[in-house]
Amino acid sequence: MTPTADGPALLVTVDSLRADRFEEMERTRAYLDRTHPRAFATSTATLGSFPAIIGGRYATGGGLEPGTSVASAFDCHSVGVTTNHLLSAAYGYDEGFDSFASPKGGGGSLKEKGAVLLDRGTLAYDIASWGWSRYQALRSRFGGIEKSFRPADDVIEAFLDEVEGRERWFGWLHLMEPHHPYDPDGADVSRATAQRVSRRVLAGRGSADDEALVRDLYRREVVDLDRKLARLWAAVPDDARVVFCADHGELLGEDGLWGHPGEMRPELLGVPFGTRNAPDVGEVVSLVDVPTILTGREHGVGTLDREVAFAAYGEKKAAMNDAHLASDEGVVRLPDGEPASDPALERERARFDPAYVVTEDALREDLEDLGYA
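Just so it is clear, the model here is predicted, and its values are computed rather than measured.

K.L.:
Would you mind going over the pattern of salt bridges with me for this structure?
P.N.:
Side-chain pairs of opposite charge can arise whenever the charged atoms involved come near each other. Considering all chains together, one arrives at 24 salt bridges under this definition. Residue Arg191 is joined to Asp185 by a salt bridge in which the shortest nitrogen-to-oxygen separation is 2.3 Å. We classify Arg191 as partly exposed; its relative accessible area is 22%. Overall, Asp185 belongs to the partly exposed group, its relative accessible area being 33%. Between Asp210 and Arg200 there is a salt bridge, and its shortest N-O distance comes to 3.2 Å. Residue Asp210 is found in helix α7 (residues 208-235), and its partner Arg200 is found in helix α6 (residues 191-202); the two are separated by 10 residues along the sequence. Residue classification places Asp210 among the buried positions, given a relative accessible area of 14%.

Structure below.
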């Protein structure tokens, strides 16, 4: 028996997870009963992806549009736990949830707790942020720096505590591993060193040895996350409908690029995607289809039978089918990025009218917290 929008149902999203590294998540792949090799993000940035993932709509740059949250479609207790500052109540993501925790409300660290009490942009907040930064800098000298974001095992335990004893629920967990700076548990270097080298490489100042280390740190983040997720998969009821995906990919030095800039590239737009107890879908999946897959009925502009997916970042836009990606730079073959020809896909891209999605629309303090500013 597969569930309906009455639950239980679970959405697990991972920040900055490359599709080609999904193969290393052996526990997660074994748990999911179906994976989809042609799944695509709607943007290369969190702001552009999550209005699709949660709302079934293409982004307009201001967060989740009111009245679109998939959480409102479930007639049961709904729980959201996010670890990204851009996925908070300030951007509308608490809508429809009975329980919602994020770094800007309900977070676990000293800084996050302070952020609940202090208004961003005020002198008091600036002083507190400066003090926190100095505190972290001093701790890093002695190897005592904390992980950059709320760790996955903490998020998972908080969620399981919330739904314990309930037969029907909807849950959304957003995990920041492996978003930069890459600082996995059990690395061969200290957490302080891992963060420092990651930031240096992403800023374009790393040596070849630095770059090799950062690639390994990223891989370790993925493997470590998979290990932590085993606790979640073991606790979820057998009949739960589950969707697992990333919001976008990550560049690890391709053409000298790192992180997830606004480039319409296969490494950024192709995302890992898997389901359990979910409806059948077509050969192509877009993140805008996630609410439809979760509920089993149309939500926003999502569909279960897609042939072409679309993405946008600012004035850049792309269209993807099961074989090619078309962008301003032309058409390339998936997944190797070699030049190709697909006039029909180019016409689809030309007709797509994207929203203008740019990270600069976010509050500057939130971008600073994520390491962008």
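K.L.:
Even after reading the chapter, I still don't get the sheet that holds strand β15 (residues 330-333), so can you show me in this structure?
P.N.:
Strand pairs in the sheet, formed through backbone hydrogen bonds, run parallel or antiparallel to each other. One open sheet accounts for 4 strands, arranged β12-β13-β14-β15; its pairing is antiparallel. Unpaired on one side and paired on the other, β12 (309-313) and β15 mark the two borders of the sheet. Here the average twist between neighbouring strands, direction ignored, is 20°. Note: strand β13 (residues 316-320) against strand β14 (residues 324-327), 2 bridges, orientation antiparallel. Within β14, the position partnered with Ala319 by the bridge is Ala326.

K.L.:
How should the side chain of Arg18 be read in this particular structure?
P.N.:
For Arg18, the location among the structural elements is in the loop between β1 (9-14) and α1 (26-31). With a relative accessible area of 6%, Arg18 lands in the buried category. Look past the residues within four positions of Arg18 in its chain and what remains in contact with it is Tyr218, Gly249, Glu250, Leu251, Leu252, Glu254, Glu267 and Pro272.

Cut-offs used in this document
- Residues numbered from 1 in each chain as written.
- Predicted model: local features only at pLDDT ≥ 70, side-chain atom pairs only at ≥ 80, totals over all residues.
- Heavy atoms only, no water.
- Salt bridge = Lys/Arg side-chain N within 4 Å of Asp/Glu carboxyl O.
- Buried < 20%, exposed > 50% of the residue type's maximum accessible area, 1.4 Å probe, protein only.
- Helix = DSSP H or I, 4+ residues; strand = E, 2+ residues; numbered from the N terminus.
- Pairing = 2+ DSSP bridges.
- Axes fitted to C-alpha atoms, helices over the stretch in contact; angles between N-to-C directions.
- Contact = heavy atoms within 4.5 Å.

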